[in-house]
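Residues per chain, in single letters:
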Amino acid sequence: MRRRYWVFTLFTLLLMSGCASLDDSLESNPSGTPQITYAQLKASTETYKGQAVTLGGKVLSAKRLKDGTRIEILQLPLMSSLKPTLDLSKSQGRFVAVRREFLDPATLPFGTFVTITGEVAGSMALPLDETEYTYPVVDIKNVRVWPKDDEDGLPRIRPYMGPSPYWSPYWRPWPYW
């Protein structure tokens, strides 16, 4: 009996310690300096050139270029878990994330929610519909892809679809008469 208690306690502590850890590579503010917001970055990109930034959003396109991969992202505010919000109306614009090494665009299809940490690299003007849009550019250090079924971070309870030992062969609860 006493041994079961210790095994249960140890298992619970291990489980709780695993839930409390945060991916260090996505820590939003490791140095204690104020985090750069997207609005600040969009207003004066050159001022923040070379500084670390964490942004998130929804992938609009990913394209392989000669010198790397360019990802166009619709910016979305980040929650405390560093996951982008799902409300697209809260977007303040778009930005481009660039990876100088190979990053397969198939791993970031349209509609994928991502969080990107990196350095501000400046800005670039690209066509957007019938206008020119100035995108802030971020050199990617780390990309976190959020799974589609993890919309709010809560586990999903799947409905039970099969027969139960408490149901009769005629789909009536026991006892039936």
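Residues numbered from 1 in each chain as written. Predicted model: local features only at pLDDT ≥ 70, side-chain atom pairs only at ≥ 80, totals over all residues. Heavy atoms only, no water.

Draft legend 1. Region of the structure containing the pairing of strand β5 (residues 131–146). Where strand β3 (residues 94–99) and β5 come together, three bridges link them in parallel fashion. Bridging from a neighbouring strand, Val-96 pairs with Val-137 of β5. As judged from the 15 bridges shared by strand β4 (residues 113–128) and β5, these two strands associate in the antiparallel manner. Paired with Ile-116 across the two strands is Val-143, which belongs to β5. (Pairing = 2+ DSSP bridges. Helix = DSSP H or I, 4+ residues; strand = E, 2+ residues; numbered from the N terminus.)

Draft legend 2. Expanded view of the pairing of β3. As judged from the six bridges shared by strand β2 (residues 68–76) and β3, these two strands associate in the antiparallel manner. Counterpart to Glu-72 in the pairing with β3 is Val-96.

Draft legend 3. Focus on the packing of aromatic side chains. If you walk through the whole model with that rule in mind, you get two aromatic pairs. A centroid spacing of 6.4 Å and a plane angle of 50 degrees characterise the contact between Tyr-38 and Phe-95, whose relative ring orientation is tilted. Taken together, the residues Tyr-38 in helix α2 (residues 38–43) and Phe-95 in strand β3 connect sequence positions 57 residues apart. Of the two residues, Tyr-38 and Phe-95, neither departs from the other in class, the shared state being buried. Summarising the aromatic geometry, the rings of Tyr-133 and Tyr-135 are spaced 4.8 Å apart at their centres and angled 70 degrees between planes, so their arrangement reads as edge-to-face. Across the pair, Tyr-135 and Tyr-133 agree in class, each one buried. Over the ring of Tyr-133 we find Lys-42; its NZ or CZ atom is 4.2 Å from the centre of that ring. When the ring centre of Trp-146 is taken as origin, the NZ or CZ atom of Arg-144, which lies over that ring, is 3.9 Å away. (Phe/Tyr/Trp six-rings, centres within 6.5 Å; stacked < 30°, edge-to-face > 60°. Buried < 20%, exposed > 50% of the residue type's maximum accessible area, 1.4 Å probe, protein only. Lys NZ or Arg CZ within 6 Å of the ring centre and 35° of its normal.)

Draft legend 4. The sheet that holds β4, seen in detail. In spatial order, the strands read β1-β2-β3-β5-β4; together these five strands close into a barrel with mixed pairing. In this sheet, neighbouring strand axes are inclined to one another by 40 degrees on average, regardless of whether the strands run parallel or antiparallel. (Axes fitted to C-alpha atoms, helices over the stretch in contact; angles between N-to-C directions.)

Draft legend 5. View of the environment of Ala-62. Relative to the helices and strands, Ala-62 resides in strand β1 (residues 52–65). Under the relative-accessibility criterion, Ala-62 is labelled partly exposed at 24%. Along the sequence, Ala-62 and Asp-104 sit 42 residues apart, while their C-alpha atoms lie 8.6 Å from each other. If we ignore the near neighbours within four places in the chain, the residues touching Ala-62 are Arg-70, Ile-71, Pro-105 and Leu-108. (Contact = heavy atoms within 4.5 Å.)

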